[in-house]
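Spelled out from the first residue to the last, the chains are:
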Amino acid sequence: MSIYTLAALLDKFGHENHAVCSFNVYNMEFTQGVMQAAQEENVPVVLMISELALEFTPLEMIATICQTAARNSTVPVCILLDHGNSSAVIQECLRMGISVMFDGSNLPLEENIQLTAYYADLAHRHHVSIEAELGSISGGESQIESNTRPFTDPAEAERFMRETGIDALAISIGNRHGFYKGKTELDFSRLKAIREKVDIPLVLHGGSDLPESQINLAIEYGIRKINFGTDVKFAFAQAMKQVLSQDPMPFQPIQILSPCRNAVVEEVRKKIRISRGEGRAGRVAAGAV
Ligand code: 13P
């Protein structure tokens, strides 16, 4: 199967009431696990390489793993740099035909617009897509902690879209990376207001640990791509803990890594099923917001 740009994938599969799932991958086992789940569920998928993860696996190596997996896939795949911030890494991704998410969310609005527009132009000249962020989504894959503009302002979102030429917009509506502390309530009124002003796909980062009902509503109100990382990493780590606590302790890599990869498959399948809206039942019409 050929590799899709983010815009092409979301255009084709991110329809009304449907979001494409996007997963952080770190190595071959994560990538294989995500791909197995996507193929078993027969859905398109985004493989995200976060800039943070490149400290562990060099770009060329993880990109090659993702590209090989995508080429051999029975479902459409997009490969995306997640939370790109370094000019060198972004340019290398573009050169390799990888779509990018540029994260200028810690910058003042004018600078974020200027730099995002620069990278959008560059990405399009390389025939790939660009996602960017407005408002701050803290924790996890984002190394950026900013409390100055925590939530996405709908009017600013419209201007950001218009002046940058991006293909997808990551918004902040109470979502964060990692585990949520306490009760999670996304700001659906804000999402609705943004949706009314912005006609490119909206992206929800921080999909882990979000109640199914919140994910369902987010999709009903216009989210077209949802990012997941933490829950899958946690499932991988738990499987590793379990296998290594056996006595005698297994030491063959295959014995250790197979259960970890299987845990990725199971967790990713869960996320895909939730995002596909199994059990979603017209909560918007029922006046849930
Ligand atoms: P979680 O780790 O909270 O699922 O978020 C992942 C993400 O948004 C990557 O950009």
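The paragraphs below set out a description of the structure included in this document. (Residues numbered from 1 in each chain as written. Predicted model: local features only at pLDDT ≥ 70, side-chain atom pairs only at ≥ 80, totals over all residues. Heavy atoms only, no water.)

Digging into the nonpolar core
Item 1. Counting residues in hydrophobic clusters, the biggest one holds 79 residues, and the most contacted among them are Phe23, Leu169 and Leu191.
Item 2. With 7 residues, helix α10 (residues 253-275) is the largest single contributor of residues to this core.
Item 3. Leave out the neighbours within four places in its chain, and phenylalanine 23 touches Val34, Val45, Val46, Leu47, Met48, Phe228, Val232, Val268, Lys271 and Ile272. (Core = buried A, V, L, I, M, F, W, Y, C linked by side-chain atoms within 4.5 Å. Buried < 20%, exposed > 50% of the residue type's maximum accessible area, 1.4 Å probe, protein only. Helix = DSSP H or I, 4+ residues; strand = E, 2+ residues; numbered from the N terminus. Contact = heavy atoms within 4.5 Å.)

Some points on the side chain of aspartate 167
Item 1. Assignment of secondary structure puts aspartate 167 in the loop between α6 (154-164) and β7 (168-171).
Item 2. Put simply, aspartate 167 is tucked away with no salt bridge, and the nearest opposite charge, on lysine 225, sits 12 Å away.
Item 3. In terms of polar contacts, aspartate 167 uses its side chain to reach the backbone amide nitrogen of isoleucine 130, at 2.8 Å.
Item 4. Leaving out residues up to four positions away in the same chain, aspartate 167 has contacts with Ala7, His124, Ser129, Ile130, Ile200 and Pro201. (Lys, Arg positive; Asp, Glu negative; His and termini not counted. Salt bridge = Lys/Arg side-chain N within 4 Å of Asp/Glu carboxyl O. Polar contact = N/O pair within 3.5 Å; in protein donor to acceptor, adjacent residues only side chain to side chain.)

Examining the site of the ligand
Item 1. Neighbouring the ligand are 15 residues, the closest being Asp82, Gly178, Ser208, Gly229 and Thr230.
Item 2. In this structure, an oxygen atom belonging to the ligand sits 3.2 Å away from a side-chain N or O atom of histidine 83.
Item 3. With respect to the ligand, the backbone of glycine 178 contributes an N or O atom lying 2.8 Å from an oxygen atom.
Item 4. Alone, the ligand offers 310 Å² of accessible surface; in the complex the protein occludes 100% of this.
Item 5. Taken together, the elements giving at least two residues each to the shell around the ligand come down to β4 (77-84) and β9 (223-228). (Near = heavy atom within 4 Å. Areas by Shrake-Rupley, 256 points an atom, 1.4 Å probe, with all protein chains shown as cover.)

Some points on empty space enclosed by the protein
Item 1. Under the criterion given, the structure shown has 2 cavities of 30 Å³ or more.
Item 2. Of the volumes computed, that of the second largest cavity is approximately 60 Å³.
Item 3. Taken together, His18, Ala19, Val20, Cys21, Val43, Pro44, Ile272, Ser275 and Arg276 form the lining of the second largest cavity.
Item 4. Those elements giving two or more residues to the lining of the second largest cavity turn out to be β2 (20-24) and α10.
Item 5. A per-class count over the lining of the second largest cavity returns 6 nonpolar, 2 polar and 1 charged. (1 Å grid on protein atoms, 1.4 Å probe; cavity = no way out; pocket = protein on both sides within 12 Å on 5 of 7 lines; lining within 4 Å. Points joined across faces, edges and corners; volume = space filled by probe spheres on them. Nonpolar A, V, L, I, M, F, W, Y, C, P; charged D, E, K, R; others polar.)

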